[in-house]
Amino acid sequence: MPTYTKVPLSAAVSGQQIQITGTSAANRTTIHTPAASAYDEVWLYATNVDASNRNLTVYWGATGSSHQMICAIPYQAGRVLIVDGKLLSGTANTISASASTGNAINIDGFVNRIT
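All figures in this text were calculated on a predicted structure; none of them were measured in a lab.

A. Representation of the pattern of salt bridges within the structure. Applying the stated criterion across every chain, the model contains 3 salt bridges. A salt bridge links Arg-54 to Asp-50; the shortest N-O distance between them is 2.6 Å. Relative accessible area serves as the criterion here: at 27%, Asp-50 is assigned to the partly exposed category. A salt bridge links Asp-108 to Arg-79, with the shortest nitrogen-to-oxygen separation between them at 2.7 Å.

B. The arrangement of the side chain of Thr-29 in detail. Its place among the elements puts Thr-29 in strand S3 (residues 29-32). For Thr-29, the side chain forms a polar contact with the main-chain nitrogen of Gly-22, separated by 3.3 Å. When neighbours within four sequence positions are excluded, Thr-29 is seen to be in contact with Ile-18, Gln-19, Ile-20, Thr-21, Gly-22, Ile-95, Ser-96 and Ala-97.

C. Main features of the environment of Val-42. Mapping Val-42 onto the fold places it in strand S4 (residues 39-48). In this structure Val-42 comes out as buried when scored by relative accessible area, which is 1%. With 67 residues separating them in the primary sequence, Val-42 and Gly-109 have C-alpha atoms 7.7 Å apart. Apart from the residues within four sequence positions on either side, Val-42 is in contact with Trp-60, Val-83, Asp-84, Gly-85, Lys-86, Ile-95, Phe-110 and Val-111.

D. A look at the confidence of the model for the chain. Of the residues in the chain, 100% reach a pLDDT of 70 or more, and the chain-wide mean stands at 94. Ranking the elements of the chain by mean pLDDT puts strand S6 (residues 68-73) last with 95 and strand S2 (residues 18-20) first with 98.

E. Broad picture of the nonpolar core. Of all hydrophobic cores here, the largest spans 24 residues; its most connected members are Ile-31, Leu-44, Leu-56, Ile-82 and Ile-107. At the level of secondary structure, the elements contributing two or more residues to this core comprise S2, S4, strand S5 (54-60), S6, strand S7 (79-88), strand S8 (95-99) and strand S9 (105-114). In this structure, Ile-107 is in contact with Gln-17, Ile-18, Ile-20, Ile-31, Leu-44, Tyr-45, Ala-46, Leu-56 and Ile-82, ignoring residues within four places of it in sequence.

F. View of the packing of aromatic side chains. The final tally for this structure, using the stated rule, is 1 aromatic pair. Summarising the aromatic geometry, the rings of Trp-43 and Phe-110 are spaced 6.1 Å apart at their centres and angled 10 degrees between planes, so their arrangement reads as stacked. With Trp-43 in strand S4 and Phe-110 in strand S9, the pair connects residues that are 67 residues apart, well separated along the chain. When the ring centre of Tyr-59 is taken as origin, the NZ or CZ atom of Arg-28, which lies over that ring, is 5.7 Å away. Across from the ring centre of Trp-60, 4.9 Å away, lies the NZ or CZ of Lys-86, which sits over that ring.

Analysis parameters
Residues numbered from 1 in each chain as written. Predicted model: local features only at pLDDT ≥ 70, side-chain atom pairs only at ≥ 80, totals over all residues. Heavy atoms only, no water. Salt bridge = Lys/Arg side-chain N within 4 Å of Asp/Glu carboxyl O. Buried < 20%, exposed > 50% of the residue type's maximum accessible area, 1.4 Å probe, protein only. Helix = DSSP H or I, 4+ residues; strand = E, 2+ residues; numbered from the N terminus. Polar contact = N/O pair within 3.5 Å; in protein donor to acceptor, adjacent residues only side chain to side chain. Contact = heavy atoms within 4.5 Å. pLDDT = per-residue confidence, 0-100. Core = buried A, V, L, I, M, F, W, Y, C linked by side-chain atoms within 4.5 Å. Phe/Tyr/Trp six-rings, centres within 6.5 Å; stacked < 30°, edge-to-face > 60°. Lys NZ or Arg CZ within 6 Å of the ring centre and 35° of its normal.

Spelled out as structure tokens, the structure:
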């Protein structure tokens, strides 16, 4: 029977939000690196701390267009759910993000690790 363990995002220091500083695939910000021998069920939320609407691109294990999710994050919208329990496995499949403006979007969330 599988075991579920709730863990913080690997790039979240003490569970704090992760500030997205990168503005392209070349300088994206790491959010989470999954476990090598488990499945991570990932939940991510974005908060726009800027005074304008911003776009967020999440790279799911790679940077090609088939591995991207592009989300519009309105300002003053509070916490916006952007990933709702999507599965990922393997340390080579890092989740990262970039935004249309650096330092405008923060990410937080958690992982249910399935072993």
